[in-house]
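Coordinates in review
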Amino acid sequence: MPASERPVVTRIAPSPTGSMHIGTARTALFNWLYARHSGGTFLLRIEDTDRERSTEANVQVILDGLAWLGLEPDAPPVFQFARAERHRAVVARLLETGGAYRCWMTVEELAAEREIARAEGRAIRSPWRDRDPPAGVNLPHVVRFKGPLDGETLVHDLVKGTVRFGNRELDDLVLLRSDGAPTYNLAVVVDDHDMGITHVIRGDDHLNNAARQTLIYQALGWSLPEFAHLPLIHGPDGAKLSKRHGAQAVGEFADMGYLPEAMRNYLARLGWGHGDDELFSDAQAIAWFDVRDVVKAPARLDWNKIAHVNNHYVRAADDARLTSLTLEAMARRGETIAEDARDRLMSAVPLVKEGAKTVLELLDLSRFALVHRPIAIDAKSEALLTEEVRARLGRLAKHLWSQEDWTPAALTVALRAFAESEGVGLGKFGGPLRATLSGGLPAPDLASALTALGRDESLGRIADALSPRK
RNA sequence: GGGCCCUUCGUCUAUCGGUUAGGACACCAGAUUUUCAAUCUGGGAAGACGGGUUCGACUCCCGUAGGGCCUACCA
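**Digging into the overall build of chain A**
Check the secondary structure of chain A and you find 19 helices and twelve strands. Compactness check: chain A gives a C-alpha radius of gyration of 31 Å against a globular reference of 23 Å for 470 residues, more than 25% above the reference. The dimensions of chain A, computed from C-alpha atoms along their principal axes, are 105 × 45 × 40 Å. When each of the 470 residues of chain A is scored for burial, the buried share is 49%. Taking as baseline every contact in chain A between residues at least 6 positions apart, the subset at least 24 positions apart corresponds to 76%. Just so you have it, chain A exposes about 21,900 Å², and 53% of that area is on carbon and sulfur atoms. Once the 57 positive and 64 negative side-chain charges of chain A are each reduced to a mean point, those two points are 2 Å apart.

**A look at the layout of surface pockets**
Each pocket or cavity is described by its volume, and for the largest pocket that value is around 1,200 Å³. Lining the largest pocket are 38 residues, with Pro-14, Ser-15, Thr-24, Asp-205 and His-206 positioned closest to its centre. Secondary structure elements with two or more residues in the lining of the largest pocket: strand S1 (9–12), helix H1 (22–37), helix H5 (184–194), strand S9 (199–203) and strand S11 (233–234). Of all the elements, H1 adds the most residues to the lining of the largest pocket, at five residues. Grouping the constituent residues of the lining of the largest pocket by class yields 13 nonpolar, 16 polar and nine charged.

**With respect to the domain arrangement of chain A**
As a measure of interface size, the accessible area lost when the parts come together is often cited. Domain annotation of chain A identifies domain 1 (3–77 + 184–234), domain 2 (84–176), domain 3 (243–316), domain 4 (318–370) and domain 5 (372–470). Of note, the centres of domain 4 and domain 5, computed from C-alpha atoms alone, are 23 Å apart. Each side of the interface is counted separately: domain 4 has 13 residues, and domain 5 has twelve residues. Both sides together, the interface formed by domain 4 and domain 5 hides about 950 Å², and carbon and sulfur atoms give 64% of it. On the domain 4 side of the contact with domain 5, Arg-344, Leu-351 and Phe-368 bury the most area, a combined 58% of that side's loss. Across the domain 4-domain 5 interface, the total number found is three residue pairs in polar contact (both at pLDDT 80 or more). Elements represented by at least two residues in the side of domain 4 that touches domain 5 include exactly helix H12 (341–352) and helix H13 (359–370).

**Topic: the nonpolar core**
Counting 92 residues, the largest nonpolar core has Phe-30 and Leu-33 as the members making the most contacts within it. In terms of residue count, H1 provides more of this core than any other element does, nine residues in total. Excluding anything up to four places from it in sequence, Phe-30 contacts Ile-201, Leu-230, Leu-267, Ala-268, Leu-270, Trp-272, Phe-289 and Val-294.

**What about the protein's contact with RNA strand B?**
Taken together, 56 residues are adjacent to RNA strand B, and Lys-160, Arg-177, Gly-271, Arg-434 and Ala-443 come closest. Contact between RNA strand B and Thr-49: a phosphate oxygen at 2.8 Å from a side-chain N or O atom of the residue. Take Lys-160: an N or O atom from its side chain is 2.6 Å from a sugar or linking oxygen of RNA strand B. Sorting the residues of the surface near RNA strand B by element identifies helix H4 (107–120), strand S5 (142–145), strand S7 (161–166), helix H6 (207–220), strand S12 (299–300), helix H10 (303–316) and helix H17 (427–438) as the ones contributing at least two each.

**Notes on the sheet that holds S5**
A sheet is described by the order of its strands in space; here three strands give the open sequence S4-S5-S8, paired in antiparallel fashion. Of all the strands in the sheet, the pair left with one neighbour each is strand S4 (100–103) and strand S8 (174–176). Averaged over all pairs of adjacent strands, the angle between strand axes in this sheet comes to 45°, irrespective of strand direction. Bridge count between S4 and S5: four bridges; the pairing is antiparallel. For Tyr-101, the partnering residue across the bridge sits in S5 and is Arg-144.

**Some thoughts on empty space enclosed by the protein**
Inspection of the entire model under this criterion finds two cavities of 30 Å³ or more. Taken as a whole, the largest cavity encloses approximately 60 Å³ of empty space. Forming the boundary of the largest cavity are Leu-29, Trp-32, Leu-33, Glu-261, Arg-264, Asn-265, Ala-268, Phe-280, Ser-281, Asp-282 and Ala-285. For the lining of the largest cavity, the elements supplying multiple residues, two or more each, are H1, helix H8 (260–269) and helix H9 (282–288). For the lining of the largest cavity, the leading source of residues is H8, giving four residues. Space inside the second largest cavity adds up to approximately 50 Å³. Phe-145, Gly-147, Pro-148, Asn-167, Leu-170, Asp-171, Leu-173, Arg-212 and Leu-215 are the residues that line the second largest cavity. Of the residues belonging to the lining of the second largest cavity, the class tally is five nonpolar, two polar and two charged.

**Brief notes about the side chain of His-245**
Looking at the secondary structure, you find His-245 in the loop between S11 and helix H7 (250–255). Within polar-contact distance, the side chain of His-245 engages the side chain of Asp-237 at 2.8 Å. Not counting the four nearest positions on each side in its chain, His-245 is found in contact with Gly-235, Pro-236, Asp-237, Ala-239, Lys-240 and Trp-303.

**A look at the pairing of strand S10 (residues 226–230)**
With five of five residues buried, S10 is to be regarded as a mostly interior element. Burial of the side chains of S10 extends over both faces: Glu-226, Ala-228 and Leu-230 are buried on one face and Phe-227 and His-229 on the other. As defined by bridge partners, S9 adjoins S10 across five bridges and the pair is classed as parallel. Paired with Arg-202 across the bridge in S10 is His-229. Handedness of the crossover joining S9 and S10 through H6 is recorded here as right-handed.

Rules and cut-offs
- Residues numbered from 1 in each chain as written.
- Chains lettered and ligands numbered in written order.
- Predicted model: local features only at pLDDT ≥ 70, side-chain atom pairs only at ≥ 80, totals over all residues.
- Heavy atoms only, no water.
- Helix = DSSP H or I, 4+ residues; strand = E, 2+ residues; numbered from the N terminus.
- Rg over C-alpha atoms; globule rule 2.2 N^0.38 Å.
- Buried < 20%, exposed > 50% of the residue type's maximum accessible area, 1.4 Å probe, protein only.
- Contact = heavy atoms within 4.5 Å.
- Areas by Shrake-Rupley, 256 points an atom, 1.4 Å probe, with all protein chains shown as cover.
- Lys, Arg positive; Asp, Glu negative; His and termini not counted.
- Charge placed at Lys NZ, Arg CZ, Asp CG, Glu CD.
- 1 Å grid on protein atoms, 1.4 Å probe; cavity = no way out; pocket = protein on both sides within 12 Å on 5 of 7 lines; lining within 4 Å.
- Points joined across faces, edges and corners; volume = space filled by probe spheres on them.
- Nonpolar A, V, L, I, M, F, W, Y, C, P; charged D, E, K, R; others polar.
- Domains from an automatic or database assignment.
- Buried area = accessible area lost by both parts, 1.4 Å probe.
- Polar contact = N/O pair within 3.5 Å; in protein donor to acceptor, adjacent residues only side chain to side chain.
- Core = buried A, V, L, I, M, F, W, Y, C linked by side-chain atoms within 4.5 Å.
- Near = heavy atom within 4 Å.
- Pairing = 2+ DSSP bridges.
- Axes fitted to C-alpha atoms, helices over the stretch in contact; angles between N-to-C directions.
- Right-handed = clockwise from strand over helix to strand, strands pointing away.

Structure, rendered in structure tokens:
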């Protein structure tokens with residue numbers, strides 16, 4: 001049955017050879033969205049056939065990354081290396097049917113052939129394609145796929161359309177290394193087939209492989225999956241995304257204080273869109289998503305837009321959750337957290353989250369509530385505290401002492417009443433009061449700041465500022 | 001070098017032959033104002049280039065330029 005008629009099964013197939021790239025995260029997201037949209041299944045396969053570079057720790061990075069993004073697969077991961085026997089069996093079958101051959105080329109011979117092939121503008125060919133095995137059959141050798149020498153291979157891609165490849169351009173790729181280990185292109189085909197993958201949704205960098213893989217599917221007599229190659233994500237300058245651009249691993253985005261739901265929204269919008277919709281829920285994305293609507297051109301990461309989207313989700317996020325995330329960010333920075341920090345954060349977070357683009361900014365904006373008495377007052381704020389102002393703040397302190405109802409609404413009224421009694425505008429002491437309360441650190445509006453700090457802390461800070469310098 | 005992919009405001013995108021080419025982020029100006037921010041109003045900003053096809057092209061075709069991917073016994 002053709003893949004397009006079977007229940008949808010997608011997969012994300014990262015290799016555990018480093019951190020989890022943000023591009024991998026988006027590929028996972030699109031696979032997940034498509035599976036959810038189609039009522040299908042989303043799977044994970046760890047491509048750990050590169051024994052040199054694959055590590056246990058990197059596998060964990062992938063698992064953690066997907067979990068953080070909320071894109072957990074519907075079944076336990078398949079480890080590609082564990083399926084090596086199966087891969088070898090398939091190669092054996094290919095060897096029997098003439099779909100593959102043993103190649104005894106040495107590295108030197110290979111290098112020479114590569115040079116010639118390049119000069120002639122064609123793919124490399126092995127002389128062992130149509131030659132009998134050498135005398136000593138035990139000599140190390142690889143097994144190569146025996147591809148057609150002419151004709152064309154067509155890849156019907158859901159985002160790129162039909163792409164044609166001249167078969168003479170497609171080399172006889174290695175299926176089994178000289179140590180008997182299966183290679184990527186063989187393993188992918190076998191695994192995708194065995195896992196029942198109907199839609200191979202992956203990065204653009206695999207488009208060429210799709211042609212080679214198509215040939216393998218055909219040689220094996222297997223039906224092809226649908227292919228969808230996603231354009232890559234570039235850095236803000238259009239070049240390949242690298243560390244230089246600020247971040248490329250999902251873990252880094254998490255540490256910088258971006259929310260997973262914001263990343264899903266932003267990443268979905270990068271290379272895919274639904275009319276003018278910018279901010280949307282997972283449910284909406286699932287309802288709207290179709291790989292066929294994916295944009296063909298590569299997209300650049302835009303820090304401003306990520307920040308904007310993230311701010312939207314920070315505003316919508318639960319305060320307790322944001323407080324926990326902020327505390328975690330502090331711990332990561334190695335900051336010691338005071339006993340009462342959580343309560344103070346908790347009261348400050350809802351007041352400052354409107355302006356916070358990340359959790360880290362949430363921390364910066366909450367800082368005024370976390371510092372301890374006597375708080376440091378910067379020069380600019382200190383300059384506001386003239387004799388006249390100090391006297392007025394003294395009277396204000398007295399006024400606030402008698403303030404019973406310590407709520408934003410009541411305090412707003414109290415501040416206005418005081419201004420009236422002084423016969424001045426709020427501007428005459430608002431700035432200075434803020435100076436005593438936050439010492440120059442950003443803080444929300446006065447009534448809110450007073451509420452967040454609480455009665456004792458607020459009055460204490462004012463008193464500290466008015467008392468003679470030590 | 002060869003094969004393949006891509007090309008609308010600075011960025012992400014809408015448009016699926018006929019629009020004053022729309023939206024979002026960013027930017028600029030103004031309003032508000034107790035710092036920063038937020039908020040509100042307004043503004044500038046695009047079809048890479050050259051040929052076709054067509055009554056009519058951002059949209060279809062060809063070429064050029066530019067960018068990207070692949071060209072491993074990596075994935």
